[in-house]
Structure formats: C-alpha cells, structure tokens
Amino acid sequence: MNLEKEVSIVLGGAAGQGIQTIEESLTKILKLSGYNVFATKEYMSRVRGGINTTEIVISSEKQRSFLKRLDLLVTFKKGVLNHLKDRISDETIILGEKENIDEEFMNNKNIIDIPIQEISKNIGNVLFSNTVGSGIILGIFEGNLKLFNKYLEDKFSKKGKEIVDKNIEAAEKGYELGKKILKDLDLSLNIEKNEKINNEIILSGTEAVALGAAKAGCNFVSFYPMTPSTGVSTFLATHSKDLGIIVEQVEDEISAINMAIGAGYAGARSLVTTSGGGFSLMCEAVSLSGMTETPVVIYLAQRPGPSTGLPTRTAQGDLELALYSGHGEFPKIIYAPGKIEEAHKISQIAFNMADKYQIPVFVLSDEYLADTYYNLSDNELESLKKENHVVKTSLDYKRYEFNENIVSKRGIPGFGEGIVLSCGNEHDEFGDITEDIDLINKMTKKRNKKLDLIRKEAIEPEFIGNETYKNLIVSWGSTFYPIKDALEKLNLKDTAFLHFSQVYPISDSAEKYLKNAEKVINIELNYTGQLGRLLKREFGIEMNDSILKYDGRVFAVEEIIEKIEKVLRE
C-alpha cells in the first residue's frame, strides 16, 4: 500500500482511556521528527465511557483541514468501528486487539491484531497501553524514538525511575511492533520530512487566543467554566504569574462579565470567556458596557444549542446572539477568526479596538477551532503593537465629553486629578444622570457614530480565486481551511471564495465581491444561514444557495467537495 503526501490517522476509545494523552505525545514527537501535523478531536459529554476519537493528519505540506478519509485507524474499545463506519473504506488499515473489534468487522481483511494489553501486562501494568500505542504509530512512521524516550523521561520523572524505565520499555516494544507492521504490510510512506519543522511550535485555537490576549496586555480575566471556552481562562491562569494576569473563577456568568467591566473601569484590559448558554446570562451587562463606554473583550466559543444542546460539539449558531445582544442601541465589534494563526492576531486586535473605541468586542470561536491544533512557524504568528488610549485626567475632566473625534477621552480612577464617573443611566458629559432631551439625543448619537469610524477599520474579507468568477462562496470563522482545500481540489475557474473574519461591522469592500457574482453560496455550521441573513441586511443581496450543517460535526473537505458540486449542478 502506498500512502503519499498525507496520512489520516484516527485513534478511538472511551473517555478515560487516555486517547488525548496519546494524541499529545504523538503530535509533539512526529513534529519533532520533521512531519507537518494537524490534529482535532470529537468527544462525548461524559467523564468516562462513550466513544471519543482524535484525528491526526501527517503530511509533507501543511494540511489544516479535517478529512473524512481514514487511512489508519487504531481502536482501543469495542464500538469505535461502528461509530466510524461511515468513514471506514476498503483501504482503511485497522489496528486493534480482537476484543476491541466489532463483530460486523471481524472479516475485514485490513484488520491487524496488535497485542497492546499483553505487551503492557508483561511490562508490569495495563496502564502502559497508551505508551505502547504511541510507540506503534511512531514505529510505523519511523519517528524519532530517542526524542520520545526523552519526552517520557521528562513527563514521568516525578513518579520515579522505575516508572520512567517501564514507560521507555513500553515505547520501545511498541516501536518495534510498529516497524514490523510497516514491513509486513509492505507500506510505502512517501511523506517528506523537513528539519525546519522541528523548530516550529504546535498551537491550538485555545492557546492562540490566550497568547494573543497576553500579548495585547490583557491583565484581568474572569470566567465561569463552560465548554469549549474554559481552556482560554485555564491556560492564562496556569501562566498567570509569568504573564502578570489576574484570573478569577467566579460564581456565575453574570458576575464574570460585571467583574470584567468593573476591572475595565479601573483601567484593566479585561477578558471574559464563555459559551452560548453562559453568554445568554451576560447580555444585560453587554448593554452596560455599551452605555458606560467601558471596554471589555468577550471570548464566545460556540457549541450547538438551544439549552445545553451538544456541549462538546461544534456550531456557528451564536452569530446573531452576539450581534443583537444587549438591549438598546450601541456599537460593538464581532470577530470570527478562521485559522489558528488568525486567532492569535485577532485576539490582539480585539483588545486594541475595545480600548480605542470603549466598546464590547467579541472574539467568536467554536469547539472545532478551539480544540484543533497544528504546527506553525514564527512568521505565521504576528505580534501587534499594544495600543493604550487611557489619558491622565485634569481637575475639569469630563468622562463623556463631546469632542470632534466622537470618542471621549478615557480616564481611570487615580490616574490624574479628575473624578471619573461611570453611569449605567443616560448621563451628561460628567457622568451624572440626566433626562434632558437635547443631552439624550447628543449622547445617543455620540455612542452610535463610533460605528462609522469602526467600519473604516474593519478587517477586509479574504478573497481567494479568479477575478472573473461567476460563483462566489461566502463563509466565516472556522470553516476557512476545509472550504479552501475543497476548492483547491475542485479547481473550478469560475468559482471564488470570500471569507469573513470580521462579521460586524462588515467591511464595505465586501459589497463589490458580492455584486459581481451571478450566484452566491454561503456555507455555515448552523440551521438558518445567519451570515447569509446578515449580508442581506447589510448589502441587500440574497444568497442563491446555502450549504448548512447543524449536527454538531465539522465540515470535512470531502463533504464540502460533494456539496459544492451538487449545488453548482442545480
């Protein structure tokens, strides 16, 4: 069998079996061995049991999309094969012990019995199965065993020399078995190694947002745990001392956002993290941010709703929730990064824009982007200059002073001689409550005119394709790479792609692309086509077709190819 350029490996087992541990070790060592790696996971909402899987794609060129195709499947639990039956083909190689093979697949010619538990028991404990399994995959791909042994030594050093030695023995036994499988199957792996990849870093969407926030000067985080947003807060909490960030886990979501706004009033660059159900509780406070003109960045990681929905799956169903959040009228910004490297950059932009325009700013992510990771070079991770718009106040300082720039100068308590009033009621220039008709009108205009300035700084949508296109595909957020890769494989000269990483306010430059198309097709992970509705509202342009998915699963490249071909035939 000849596996060229890219290989899709899937590991499947139950929650609690350590699938993520194998994923972590494999991706690190395969990257250090010179391979490009991409990994993403799907998991059920339970602590133990069920079926969880991880896909790792190893490739010669950078590959950053979820693939439906399975080249190599390793099962650690009965039920995995049935769970993945729609992805298993006649070419899929299945590795697993007999007791982990579903009856329907017993006659599959590509099943290889691997005695992982037997090897582990001979070493001393079945708990070494994860290390044996990792060693097998590394052996098949001729990964660097010395690096793996060093990784195990560092990981288990606190548990004593005996545990370290047994894990190294497990790795070496697994590695030997992997090399034997490679030889017995006569596998030809034509995947190029590149020494430059050794120096790249592996970054997840969660880590990218967190690191971007830290680079932007975020120094206060408040949150109430909610999948899949919690990782940003816990990452920053883990590194809080080094980064100089205060991280508070509070009693509920209402407290979280109000605490972040309070910190913003005091001068912090504050972040609050949440997901759909938690954000629903925050909507009143978003309006408080709008009225008091206090900056706050809201990381909203989407998952399927309504209610608890599918808490560990992915979706793009909260665009309109963010767009229309908060009562009354006031400006806000909504970003939706489509790539991990873009999440790192946009997280920085979000803090600068919140500080500059004194508004709530959203970074919309989803479970897929949050839990996906791949290797990145230094030049793919852009660092932006931190913008600070806080002023030192004078005795006659007016927090909401009218001026030619529309945006009032923002002072903070204790920095200067002035008094800094913040008021959730309508107010005058000082911040005192008012019901004066002229002041009400002027203050309303002052707040909302910011949107005109913000629109001028909106991130332009990314256009990919031939300028003479007839069909235009539009999307936002994490669907970027699957669509891009699908279109590259289709090689359609008359079809282009427009991707939005800022969904509100939308750059005016989008209009020309939309109006030049004979057919506009939007692709989204929701039921109602929320981006399509927003584009119609902003530019009066109807979507001619929509490719929508709302089962909690991400789009695979092959799936998008099939659906685009079908839409273009109709």
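Just so you know, these numbers come straight off a predicted model, no measurement behind them.

A. Representation of the overall build of the protein. Along the protein, the regular secondary structure elements total 21 helices and 22 strands. The globule rule puts the C-alpha radius of gyration for 570 residues at 25 Å, and the 26 Å found for the protein is close to it. Projected onto the principal axes, the alpha-carbon positions of the protein cover approximately 85 × 60 × 40 Å. In the protein, which comprises 570 residues, the proportion classed as buried is 58%. Excluding contacts between residues fewer than 6 apart, the proportion of contacts in the protein whose partners are at least 24 apart in sequence is 74%. Here the protein displays about 24,700 Å² of accessible surface, and carbon together with sulfur accounts for 48% of that area. Here the protein carries 69 positive and 84 negative side-chain charges, and the mean point of each set is 2 Å from the other.

B. Local environment of the sheet that holds strand β2 (residues 6-15). Read across the sheet, eight strands follow the order β7-β6-β5-β2-β4-β3-β16-β9 without closing on themselves; strand pairing throughout is mixed. Each of the sheet's edge strands pairs with one partner strand only, and the pair in question is β7 (111-113) and β9 (201-204). Geometrically, the sheet is characterised by an average inter-axis angle of 20 degrees between neighbouring strands, direction not taken into account. As judged from the three bridges shared by strand β6 (residues 93-96) and β7, these two strands associate in the parallel manner. Among the inter-strand pairings, Leu 95 is bridged to a residue of β7, identified as Ile 112. In the packing of helix α4 (residues 129-140) onto the sheet, the strands contacted are β2, β5 (72-75) and β6, and the crossing angle to β5 comes to about 165 degrees.

C. Spatial organisation of the packing of aromatic side chains. Summed over the entire model, instances satisfying the criterion amount to ten aromatic pairs. Between Phe 148 and Tyr 151 the ring centres are 6.2 Å apart and the planes differ by 20 degrees, which places this aromatic pair in the stacked class. Note that Phe 148 and Tyr 151 are positioned in helix α5 (residues 145-156) at a spacing of three residues, about one turn of the helix. Among the aromatic residues, those joined into a cluster by ring pairs are Phe 38, Tyr 374, Phe 480, Tyr 481 and Phe 497. Over the aromatic face of Phe 156 sits the side chain of Lys 155, whose NZ or CZ is 6.0 Å from the ring centroid. If you follow Lys 442 out to its NZ or CZ, it ends over the ring of Phe 402, 4.4 Å from the centre.

D. Examining the sheet that holds strand β13 (residues 296-302) more closely. With mixed pairing, the seven strands of this open sheet are ordered in space as β11-β10-β12-β13-β15-β14-β20. This sheet does not close on itself; its edge strands, each paired only once, are β11 (246-249) and β20 (502-504). Averaged over neighbouring strand pairs, the angle between their axes works out to 20 degrees when direction is ignored. Of the strand pairs in this sheet, strand β14 (residues 333-335) and β20 are connected by two bridges, and their pairing is antiparallel.

E. Structural view of unusual backbone geometry. A cis geometry characterises the amide bond from Thr 227 onward to Pro 228, with omega recorded as 5 degrees. By the secondary structure assignment, Pro 228 is in the loop between β10 (220-223) and α8 (230-238). The peptide bond linking Tyr 504 to Pro 505 adopts the cis configuration, its omega dihedral lying at -15 degrees. Structurally, the position occupied by Pro 505 is in the loop between β20 and α19 (510-515). Positive phi, normally seen in glycine, also occurs at Glu 142, with a value near 50 degrees. Here Glu 142 lies in the loop between α4 and α5.

F. Up close: the pattern of salt bridges. Across all of its chains, the model carries 28 salt bridges by this definition. As a salt-bridge pair, Lys 41 and Glu 23 come within 3.6 Å of each other at their nearest N and O atoms. Highlighted residues: Lys 41 in strand β3 (residues 36-42) and Glu 23 in helix α1 (residues 19-32), separated in sequence by 18 residues. Lys 41 gets classed as buried once you look at its relative accessible area, which sits at 14%. We classify Glu 23 as buried; its relative accessible area is 1%. Among the ionic pairs, Lys 356 bridges to Glu 457, the shortest N-O distance being 2.8 Å. You can see Lys 356 sitting in helix α14 (residues 340-357) and its partner Glu 457 sitting in the loop between α17 (450-456) and β17 (462-464), a full 101 residues away along the chain. According to the relative accessible area criterion, Lys 356 is partly exposed, its value standing at 26%. Using a relative accessible area of 35% as the deciding quantity, one classes Glu 457 as partly exposed.

G. Molecular detail of the side chain of Glu 293. Assignment of secondary structure puts Glu 293 in the loop between α12 (283-292) and β13. For Glu 293, the contacting residues outside a window of four places in its chain are Leu 288, Gln 358, Arg 399, Tyr 400, Lys 446, Arg 447 and Lys 450.

H. Broad picture of a nonpolar patch on the surface. Taken together, the side chains of Ile 419, Leu 421 and Phe 430 define a hydrophobic patch exposed on the protein surface, amounting to about 280 Å² of accessible area. Here Phe 430 is to be found in the loop between β16 (373-376) and α16 (437-448).

I. Geometry of the nonpolar core. Counting 62 residues, the largest nonpolar core has Leu 236, Leu 271, Tyr 299, Tyr 335, Ile 473, Ile 523 and Ile 564 as the members making the most contacts within it. Contacts of Ile 523, omitting those with residues within four sequence positions, involve Ile 473, Val 474, Ser 475, Thr 479, Ile 483, Ile 547, Phe 555, Ile 560 and Ile 564. In this structure, Ile 9, Ile 56, Val 74 and Tyr 151 belong to the second largest nonpolar core, which totals 46 residues.

Criteria and cut-off values
- Residues numbered from 1 in each chain as written.
- Predicted model: local features only at pLDDT ≥ 70, side-chain atom pairs only at ≥ 80, totals over all residues.
- Heavy atoms only, no water.
- Helix = DSSP H or I, 4+ residues; strand = E, 2+ residues; numbered from the N terminus.
- Rg over C-alpha atoms; globule rule 2.2 N^0.38 Å.
- Buried < 20%, exposed > 50% of the residue type's maximum accessible area, 1.4 Å probe, protein only.
- Contact = heavy atoms within 4.5 Å.
- Areas by Shrake-Rupley, 256 points an atom, 1.4 Å probe, with all protein chains shown as cover.
- Lys, Arg positive; Asp, Glu negative; His and termini not counted.
- Charge placed at Lys NZ, Arg CZ, Asp CG, Glu CD.
- Pairing = 2+ DSSP bridges.
- Axes fitted to C-alpha atoms, helices over the stretch in contact; angles between N-to-C directions.
- Phe/Tyr/Trp six-rings, centres within 6.5 Å; stacked < 30°, edge-to-face > 60°.
- Lys NZ or Arg CZ within 6 Å of the ring centre and 35° of its normal.
- Salt bridge = Lys/Arg side-chain N within 4 Å of Asp/Glu carboxyl O.
- Patch = residues over 30% accessible without salt bridge, like charges linked within 9 Å, V, L, I, M, F, W, Y side chains within 5 Å.
- Core = buried A, V, L, I, M, F, W, Y, C linked by side-chain atoms within 4.5 Å.

On their own, these measurements won't tell you what the molecule is for.
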